Amino acid sequence: SYFTPLLPSLQGECLLTVQLCDEDRFDDEEDVEFYLLFAGTSQRHLTSTRRVDHVTLHAVCPAHGCCEAVLVTLCSARPGRPVGSVAQERFLFVQDLAFDVAQFLVSSAGRPAALEDARLLDEFPIPPAESERLDGSVALAMRHMALPEGWSVLGAGEGSEPSPQETLLHFAARRGLWRLALFLLQQPGGRAALRLPNRQGATPVDVARQRGNCRVEELLAR
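From a predicted model like this one, the values you see are computed outputs, not experimental measurements.

## Concerning the pattern of salt bridges
Part 1: Counted according to the given criterion, the structure contains six salt bridges.
Part 2: Because the salt bridges share partners, they merge into one network encompassing Glu-132, Asp-135 and Arg-179.

## Section: the pairing of strand S8 (residues 84–92)
Part 1: Relative to S8, strand S7 (residues 69–77) runs antiparallel, the two sharing eight bridges. Paired with Thr-73 across the bridge in S8 is Gln-88.
Part 2: Between S7 and S8, which pair antiparallel in sequence order, lie six residues; one of them, Gly-80, sits at a positive phi of approximately 75 degrees.

## Some thoughts on the packing of helix H1 (residues 97–108) against helix H3 (residues 128–144)
Part 1: The N-to-C vectors of H1 and H3 enclose an angle of 60 degrees; their axes lie 8 Å apart at closest approach. As far as their axial angle goes, H3 and H1 are oblique. Seen from above, H1 lies across H3 with right-handed handedness. Together, Ala-98, Phe-99, Val-101, Ala-102, Leu-105 and Val-106 of H1 and Ser-137, Val-138, Ala-141 and Met-142 of H3 make up the contact between the two elements.
Part 2: Its residues assigned to classes, the contact of H1 with H3 shows nine nonpolar, one polar and no charged.

## Thoughts on the nonpolar core
Part 1: Grouped together as the largest cluster of nonpolar side chains are 54 residues, with contacts concentrated most on Phe-38, Met-142, Leu-180, Leu-184 and Leu-220.
Part 2: Looking at which domains feed residues into this core, each of domain 1 (2–93) and domain 2 (97–221) gives three or more.
Part 3: Those residues in contact with Met-142 that sit more than four places away from it in its chain are Ala-102, Leu-105, Val-106, Trp-151, Leu-180, Phe-183 and Leu-184.

Each value, and the rule that gives it
- Numbers given to residues run from 1 along each chain, matching the order in which its sequence is written.
- With pLDDT at 70 or above as the cut-off, local features in this predicted model cover only qualifying residues; side-chain atom pairs require 80 or more to be listed or tallied, and sums for whole chains, interfaces and linings still use all residues.
- Only hydrogens and water are set aside when side-chain values are computed; all heavy atoms of the structure are taken into account.
- One side-chain nitrogen of Lys or Arg within 4 Å of one carboxyl oxygen of Asp or Glu is enough to make a salt bridge.
- Think of it this way: DSSP has to see at least two bridges between two strands before they count as a pair.
- A run of DSSP states H or I qualifies as a helix once it reaches four residues; a run of E qualifies as a strand once it reaches two. Both are numbered from the N-terminal end.
- To get an axis, a line is fitted to the C-alpha atoms, and for a helix only the part in contact is used. The angle between two axes follows their N-to-C directions and goes from 0 to 180 degrees.
- Small angles under 35 degrees read as roughly parallel and large ones over 145 as roughly antiparallel, with 65 to 115 read as roughly perpendicular and the rest as oblique.
- Here is the rule for handedness: rotate from the far helix to the near one, and if that takes an anticlockwise turn smaller than a right angle the crossing is left-handed, while a clockwise turn gives right-handed.
- Whether two residues touch is decided by their heavy atoms; if any such pair falls within 4.5 Å, the residues are in contact.
- Three classes are used, and their members are as follows: Ala, Val, Leu, Ile, Met, Phe, Trp, Tyr, Cys and Pro are nonpolar, Asp, Glu, Lys and Arg are charged, and the others, Gly among them, are polar.
- To form a nonpolar core, buried Ala, Val, Leu, Ile, Met, Phe, Trp, Tyr and Cys residues must be joined to one another through side-chain atoms within 4.5 Å.
- To sort residues, take the accessible area from a 1.4 Å probe on protein chains only and compare it with the maximum for the residue type: under 20% means buried, over 50% means exposed, and anything in between is partly exposed.
- The split of the chain into domains comes from an automatic or database domain assignment.

Right, here's the structure in full:
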């Protein structure tokens, strides 16, 4: 068997294709289930596969916690028989732009100056299709990141009253990133950030409305 060449990003969820060779085929094909075992230095993932035809399998690559090469083993399982190893390949998980953006956002919570500087990006509008891809990738990366203990969308200590400032929700609203906005609303400090205006007096929903990002506006106005 052989795997399609792949450099998966840390957030995973890309499609992986496995091609079976003639010697890997089984007489009782309908009874055989194939699985992929991803083995890293500190994490192991097991994912099922979907048979496309008698020689092709598809699987969804899992998320991984660090940039490293992992050993991927194609395993076969049949009722009443031990699990067997069919083939192996090494894949390198890499950190991509979406993960870099997610790390920047996590570190910028409660740092209004960093998010104010990010407003300079408004001078360089992102095409809608690219924005949609970035939104999905960044939200996915943040869901799989290990957030710092006690992390909040506002980055403020418990009981403190934040002053008007640019927040992560403003960032998402300004760029029409509704999946990211949805993720942030579900995190500590998300609902408080929804009501917090920036230094210009605009809440995140105001920013979404001003920028014509209707989907984010609808989400934040619920």
